[in-house]
Structure formats: C-alpha cells, structure tokens
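Here's the letter readout for the chains.
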Amino acid sequence: KYGVWSPGQAGRVSTPRAAAMAGGTAADAEKGHTILEAIELSDESDDEFVYEELPDEPLEQDEEETLDDINRLLAESKPSDEAPAGGASGSDGPAKVQQRPQVIDDFFRNFLIKNSMKRSLETFQTEWYELQQSGKFKNSELEVVPDIYTRNHGLHEEVVMLRTEVDKARQVASTAKQSWDKFRKERDFHRMHHRRVVQEKNKLIVDLRRLKKHYEQYEPTLTELKHKYEVAMKEKMLMRLERDRFLSKVETLQKQLSQVQADSKDEALNGGQEAAEQTSKRSKQAPWPSEDRVNPYVNSTFEAARVSDLKKNQAFKGHLGAVSRIAFHPKLPVVATACDDHTWKMWSMPGGELVLSGEGHRDWVSGVAFHPRGSMVATTSGDATVKIWDVAKEKCKHTMTDHNQAVWACAFHDLGDFLVTCSMDQTTKAFDMTTMRCRQTFRGHVDSVNFVTMQPFSNNVLTASGDKTVSMWDLRTGLCVQTFYGHNNACNHAVFNKKGDTIVSCDSDGIVKLWDVRVVSEYLQIDTGQHPANAACFDRSGKVLAIASGDASIKTFNVEDRVFVANLEGHEDSIQDVAFEPTGDKYLLSASSDASFALWS
C-alpha cells in the first residue's frame, strides 16, 4: 500500500518496490549506487494476505489534505523562529499570514503526485537523494520556487515606478517641447530679421555700385572742370595784371592828354617858349656817374658785430600782411617797411613809433629804398609800378609804369641821380631821377629778376634772378659785365659788402654763396638747411653775415673764421628780410611773414 511523502519521513519509503530496491543494495553497491538506508522486512507476513489497491480518485483528495497537513506541520515545526516576528507584528498591528515558499524538490514531488506519476516520483526521489548526498548540487540549484504573487507584486511596483518615470519624462518632454517651440519662434524671428538685413545689405550694395558707376561717369567731367577752373584762374590773374597795366597806361595817357591840351592852349602864345623848354629839359638829364671815383671804405676797418649777444628786444606789429622788405634811412634813425597789405610805413627807431604811412599801390608792396639824401622814398609793387614819394610833402611825387609785370625791388645810386628796378618781366631798368624817365634797360636774364642793388661807389648794377644766376651790369652801357654761376635754384637776394669786393647770394634751396669780385670766383658756400634763404646782409666790417631763413630764424655766420655763430629765433613765420643798423651795428632788424618786424640788440 502506497503512502504519502512528507518532509519528516525523508529517506523512508513504505512501498514494496522500495524493499526490492533495498534487497538489491549489495548488487547495486557493486554497480556504483549509493545506499541511503537499510530496512529489514519481517518474514512473518502472511503470504496469503490479499492486498487491496486504493482507488485513484480518493488519492488526490488525500494528497491535497496531506499537503495542507505538511504546510501546517512546517508552520508548527519552527515556533521559535516566527515568535519574534509575530511579536513584532503584534506590537505594530494585526498579524499577517505568510506562506513559506516551496523548495524546488517539493515542487517537483507535488507536481508528480498531483499528476499520478508514481514511477517517475520514485525515480526522481532516488536520483535526487543520491545527487544530494554526493554533493553534486550547488546552492544556487536548490533555491526555492519563486512565488508568483511576489513576482507579480514586484512587477507591479516596477510598472508603477516606470509609469512615474514615464510621467516625469512626459513632463520633461512637454517642457522641452515648449522651450523648443519658443526657440523655434525666436529662430524664425531672427531668421526673418537676418533675411531682411541681408536684403537691405544687398540693396545698399546695389546702390553703392550704382553710385560708384555714376561717380565714375562724372569723374572725367570733374577733372575737366577742375582743369578749366585752373585755366580760368590763370587767365583771371593775367587779365587782372593786364587790367592794372592798362589802367596805369590810361592814367599816364590821361596825364599826357591833359598836358597836351594845356600845351595846345598855350601853343599860339608860347610857340617859341615850348622849343626852349624842350631844349632845357634835354639839358637837365642827369649825367652818367664818372668811373674814377674811389670807395672811401676800401681801407677802413670796423669792429665785427657781436651777434652772439643779440636777443629779441621788441616786436612791432603795425601791418596787416607779411612784411617783405626793410630799409634804413641814410641819416636819421628811421626805417621803412614794405608790406603785402598794399602799404609802406616809416618808423622811428628804436622806439618803433609810426612816422609816415604811404597808401597808393593797388597790390602788394615788394620793395622800398631811401634816396641817399633822405628826401625821397622809392617803392615797388605787384601792380607793375614804381612810385617816388616826397617825404617832406607826404605824397606821391611820380609813378613809373615802364615794367609790364610785378616789380620786385629797387635801389638808388649812391649819388642819387639814378634808380634801378627789377621786375618779373625779366628786365632791369635804370630811371633818371631828374626827368623821371627810363634811361637804360638791362636784358639778359631768362627768368624773373628777383633783386637788384648797386655796387658801392661805382657804376655797376648787381641782379639776382630766377634763372639761378647772379649778374653784374654796366649802368652806362646796359651790358652784362660778369655772370656768376653755381646756384641750383632761383636766386632770391644778392648784396655787396661795404668795400664792394664781396658778393653774398642766396637761393631757394637754402644755399648761400660768397663770391670774390676781384677774381670772379666762389670762395665759400653755406648750407642753411631745407628752408629757402630769403635774404642776407653784411655788417659794417664785412666779417659777420646774417641770413633770413624760411624756418622763422636768423642764422649768423663769421665769414672770416668760417664758423656758425648763433641762430636767432623769435618770429612765428618765415623771415623775408634782415638788415644791420648802418652807422654802428647797434642792433639788427628783421621783417617776417607774421606781419611784424623785430629789433634784436
């Protein structure tokens, strides 16, 4: 009769097949089987006893009841293990009933019993215990069968957690979508703005190209108009010069006409007297100076001026334009200045009080010179005229209009009978101060004659020209006596020393050259710098040279020792002229383009 397996009966089988298996243990041991337990069977059994088989259906009920009894016994077998848990649960709340999870071998046994697989159950039990006793099972292979509820509960919690994470992910996704929508709108706005800016840029580029092409079309016209404007300005300047020249001629012709009319009225009464007057007029022409005169300063010796001690004492501002020339009175402490404001003025020195102001020129006054007797002043101007002024009567005595262009400078002969002038028309003229007529014209320069002076106590005229040469002329014959070559730019100024044996000339490159008249050669060259040298002047001794420079300074040199002495600075603009006080080199005067002249002492 078969029995039901229980955990407490491990290793005991109450079946005939078990006895047969036990009887054959010796033979099985020889075959390598393991003997778990030996059971002795009594021989007192009745062979005639008839065994009855149990029905199959009640077996299942008994098995189910037996399983319940096994679970109850298992629960009662460990009272001490569940007592603390029960106490703890009792203290916290109502007791909970927990079902112990089945062991994996019990699971298989119950499965086989439930399906009435008896032989399979016996074979499983035999092999299971053999393997378990031999130690071939690992701990991981003997784990309990997982409970379906526990697994379902774990899966439920996992599902809840995943759903929570999904909800959070949805919220994050929603926020990200809102941000993405916002960024997309901003992107679309910026893209639209960028497209608008690009369109405006392209439009501006097109406009600039169109304007550039338009400007390129006008550029030749502008160049042509500029050229026409320059030509017109030149023509305007020439027309102005021609107008001034014609006006002066008209004035002269009017004077001649009035004179002719006056003469015609008196012609009937004074016919013979007119011829007598003409004869006397011709006889009144000044004679040419003699050649046998001697320079009184040839053997004279003077002390050199102390230019190293000179300092700017006073500056006089009485003009409205650049002061171009300065000249000393031969007898009185008076100086005359010529200015670009169309006036010339006389000043007392060294106080600088204004004595006389002459107005009458229609353009800048370029030169001024005193008559040797001091009674008259000659001025030259850009209006192509030379005016003779009577100082005592304070009026213009005569105007000479023989030059065709601007007159640069003038100088009296030491006897006072002749006046020489130089002009932009490339000529130099000598005027008779008695008849006020031109007695001689010196032609030979090929550019403007910038300065003219007389050699002391002789009949020689010295000129400096824009053709880079310095020339000497005979006053009586009008012929060129000597030409000095060596300058590389226009010569601005040239003068003699007191003895008349040395010439100093300066040009627009800042080069100053000293020439020996007796041997007709250059013996010293001075480089004053980058700026032009506008004028130069010797002191009485002829040893010290003062140079008016375009850098607003006066440079002084010792010609005898050939050394630089001092650089006098004080003007604000280019210095046009410089002159030593003639009687004793007491002070030095300078004229500048800053509309002032200064006294250095």
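Heads up: the structure comes first, above all this text.
All figures in this text were calculated on a predicted structure; none of them were measured in a lab. Per chain, residue numbering runs from 1 following the sequence as it is written. The predicted origin of the model limits local features to residues at a pLDDT of at least 70 and limits the giving and counting of side-chain atom pairs to 80 or more, whereas totals for whole chains, interfaces and linings rest on all residues. No hydrogens and no water enter the side-chain calculation; it runs on all heavy atoms of the structure.

Can you walk me through the overall build of the chain in this structure?
Helix and strand labels come from DSSP, where a helix needs a run of H or I of at least four residues and a strand needs a run of E of at least two; each type is numbered from the N terminus. Looking only at helices and strands, one finds eight helices and 28 strands in the chain. Summary of the burial criterion: residues with accessible area below 20% of their type's maximum are buried, those above 50% are exposed, and those between are partly exposed, where the area comes from a 1.4 Å probe applied to protein chains only. Of all 601 residues assigned to the chain, the portion counted as buried reaches 36%. Note on definitions: a residue-residue contact is assigned when non-hydrogen atoms from the two residues lie within 4.5 Å. Taking the intrachain contacts of the chain between residues at least 6 apart in sequence as the baseline, contacts between residues at least 24 apart amount to 47%. For the area figures, the Shrake-Rupley method with a 1.4 Å probe applies, and any residue is considered shielded solely by the protein chains shown. Counting every atom, the chain has about 37,500 Å² of accessible surface; 52% of that belongs to carbon and sulfur.

Where do I start with the sheet that holds strand β12 (residues 427-432) in this structure?
Through backbone hydrogen bonds, the strands of a sheet pair up, either in parallel or in antiparallel fashion. Pairing between strands requires that DSSP locate at least two bridges from one strand to the other. Taken in spatial order, the four strands line up as β10-β11-β12-β13 in an open sheet, and their pairing is antiparallel. Both edges of this open sheet fall to β10 (407-412) and β13 (437-443), since each of them pairs with a single strand only. Averaged over neighbouring strand pairs, the angle between their axes works out to 20° when direction is ignored. The pairing of β10 with strand β11 (residues 418-423) spans five bridges and is antiparallel. Bridge pairing in β11 places Cys410 opposite Thr421. Lines fitted to the C-alpha atoms define the axes, with helices restricted to the stretch that makes contact. Angles between their N-to-C directions range from 0 to 180 degrees.

What is the right way to read the environment of Val407 from this model?
Along the chain, the position of Val407 falls in strand β10. The exposure class of Val407 is buried, given its relative accessible area of 0%. Residues contacting Val407, with those up to four places away along its chain left out, are Trp364, Ser366, Thr380, Ser381, Ala384, Thr385, Val386, Thr421, Cys422 and Ser423.

Please clarify how the sheet that holds strand β19 (residues 502-507) should be interpreted in this entry.
Taken together, four strands build an open sheet; the order of strands is β18-β19-β20-β21 and the sheet is antiparallel. What marks the edges here is a single partner per strand, and that holds for β18 (491-496) and β21 (521-527). Along the sheet, successive strands turn relative to each other by an average axial angle of 20°, direction set aside.

Help me understand helix α6 (residues 118-134) in this model?
For an α-helix the count is 3.6 residues per turn, leaving residues at separations of three or four pointing the same way. Expected span of a helix, by definition, is 1.5 Å for each gap between consecutive residues, and there is one gap fewer than residues. Here α6 spans 24 Å end to end across 17 residues, near enough to the 24 Å set by a 1.5 Å rise per residue. After α6 finishes, the residue Gly135 shows a positive phi value of roughly 80°.

Hey, could you run me through the nonpolar core in this one?
Nonpolar side chains tend toward joint burial in soluble globular proteins. In this structure, Ile503, Val512, Leu514 and Leu545 are the most contacted members of the largest nonpolar core, which totals 40 residues. The residues touching Leu545, leaving out its near neighbours within four places in the chain, are Val504, Val512, Leu514, Ile526, Ala536, Cys537, Phe538, Lys555, Thr556, Phe557 and Val559. Among buried residues, those of type Ala, Val, Leu, Ile, Met, Phe, Trp, Tyr and Cys that are joined through side-chain atoms within 4.5 Å constitute a nonpolar core. Counting residues in hydrophobic clusters, the runner-up holds 17 residues, among them Val544, Ala548, Val578 and Ala598.

Got a minute to help me understand the pairing of strand β14 (residues 449-454) in this structure?
Across a regular strand the side chains alternate sides, sitting on one face of the sheet and then on the other. For β14, the buried fraction is high: six of the six residues fall into the buried class. Across five bridges, β14 lies against strand β15 (residues 460-465) in antiparallel orientation. When the bridges of β15 are listed, Met454 appears paired with Val461. Following β14, the chain reverses through five residues before pairing antiparallel with β15; Phe457 in that reversal takes a positive phi of roughly 55°.

Please explain the packing of helix α5 (residues 104-114) against α6 as it appears in this structure.
Between two packed helices, what matters for the description is the angle formed by their axes and the separation of those axes. In the contact formed by α5 and α6, the axes pass within 9 Å of each other and the chain directions differ by 165°. When the axes of α5 and α6 are compared, the pair comes out roughly antiparallel. Seen along the crossing, α5 lies across α6 with a hand that is left-handed. Residues Ile104, Asp105, Phe108, Arg109, Leu112 and Ile113 of α5 pack against Ser120, Leu121, Phe124, Gln125, Trp128 and Tyr129 of α6. Lys, Arg, Asp and Glu make up the charged group, whereas Ala, Val, Leu, Ile, Met, Phe, Trp, Tyr, Cys and Pro make up the nonpolar group; the residues left over, Gly among them, are polar. In terms of residue class, the contact of α5 with α6 is built from eight nonpolar, two polar and two charged. Angle categories: roughly parallel below 35 degrees, roughly antiparallel above 145, roughly perpendicular from 65 to 115, and oblique for all the rest. Crossing chirality is assigned from the near helix's rotation relative to the far helix, an anticlockwise turn below a right angle marking it left-handed and a clockwise turn marking it right-handed.

Please clarify how the side chain of His487 should be interpreted in this entry.
With respect to the element layout, His487 can be found in the loop between β17 (480-485) and β18. Under the relative-accessibility criterion, His487 is labelled buried at 5%. Any N or O atom pair separated by 3.5 Å or less is treated as a polar contact, with the protein-specific requirement of one donor-capable and one acceptor-capable atom, and with residues adjacent in sequence counted only for side-chain atom pairs. Side chain to side chain, His487 and Ser505 meet in a polar contact 2.7 Å long. Within the structure, His487 has its side chain in polar contact with the side chain of Asp507 (distance 2.9 Å). When residues no more than four places from it in sequence are discounted, the contact partners of His487 are Lys468, Ser505, Cys506, Asp507, Ile511, Lys513 and Trp515.

Help me understand the pattern of salt bridges in this model?
A pair can form between side chains of opposite charge whenever their charged atoms are brought close. Any carboxyl oxygen of Asp or Glu that lies within 4 Å of a side-chain nitrogen of Lys or Arg is treated as forming a salt bridge with it. A complete count under the given rule lists 18 salt bridges for this structure. Among the ionic pairs, Glu291 bridges to Arg476, the shortest N-O distance being 1.4 Å. Of this pair, Glu291 sits in the loop between α8 (271-283) and β1 (312-316) while Arg476 sits in the loop between β16 (469-474) and β17, and the two are 185 residues apart along the sequence. When the shortest N-O distance is used, the salt bridge between Arg518 and Asp516 registers 3.3 Å. Each of Glu291, Asp474 and Arg476 takes part in salt bridges that share partners, so that together they form one network.

Just checking my understanding: could you explain unusual backbone geometry for this structure?
Note: most residues except glycine have negative phi, and most peptide bonds are trans. The peptide bond linking Met349 to Pro350 adopts the cis configuration, its omega dihedral lying at 0°. Relative to the assigned elements, Pro350 resides in the loop between β4 (343-348) and β5 (353-359). One non-glycine residue with positive phi stands out, namely Ala384, at about 65°. With respect to the helices and strands, the residue Ala384 is situated in the loop between β7 (376-381) and β8 (386-390). Taking relative accessible area as the criterion, Ala384 reaches 7% and is therefore assigned buried. For Ala595, which is not a glycine, the phi torsion comes out positive at approximately 65°.

For this particular structure, what's the right way to read the environment of Leu131?
By secondary structure assignment, the location of Leu131 is in helix α6. Ignoring sequence-local partners within four residues, the contact set of Leu131 consists of Lys136 and Phe137.

Even after reading the chapter, I still don't get the packing of aromatic side chains, so can you show me in this structure?
For any pair of aromatic rings, the description consists of the separation of the ring centres together with the inter-plane angle of the planes. Geometry of aromatic contacts follows a simple scheme: Phe, Tyr and Trp rings, the Trp one being its six-membered ring, pair when their centres are within 6.5 Å, and the pair is stacked under 30 degrees between planes, edge-to-face over 60, tilted otherwise. If you walk through the whole model with that rule in mind, you get 13 aromatic pairs. Between the aromatic rings of Phe328 and Tyr587, the centroid separation amounts to 6.1 Å while the plane-to-plane angle is 45°, which identifies the pairing as tilted. On the criterion of sequence distance, the pair formed by Phe328 in strand β2 (residues 323-328) and Tyr587 in the loop between β26 (575-580) and β27 (588-592) is long-range, its members being 259 residues apart. Exposure remark for Phe328: the relative accessible area of 16% places this residue in the buried category. Accessibility expressed as a relative area gives 10% for Tyr587, which makes it buried. Taking 5.2 Å as the distance between ring centres and 20° as the angle between the ring planes, the aromatic pair formed by Trp364 and Trp408 counts as stacked. Pair noted here: Trp364 is in the loop between β5 and β6 (365-370) and Trp408 is in strand β10, with a separation of 44 residues, a long-range link. Judged by relative accessible area, Trp364 falls into the partly exposed class, the value being 24%. By way of ring pairs, the aromatic residues Phe108, Phe124 and Trp128 are connected into one cluster.

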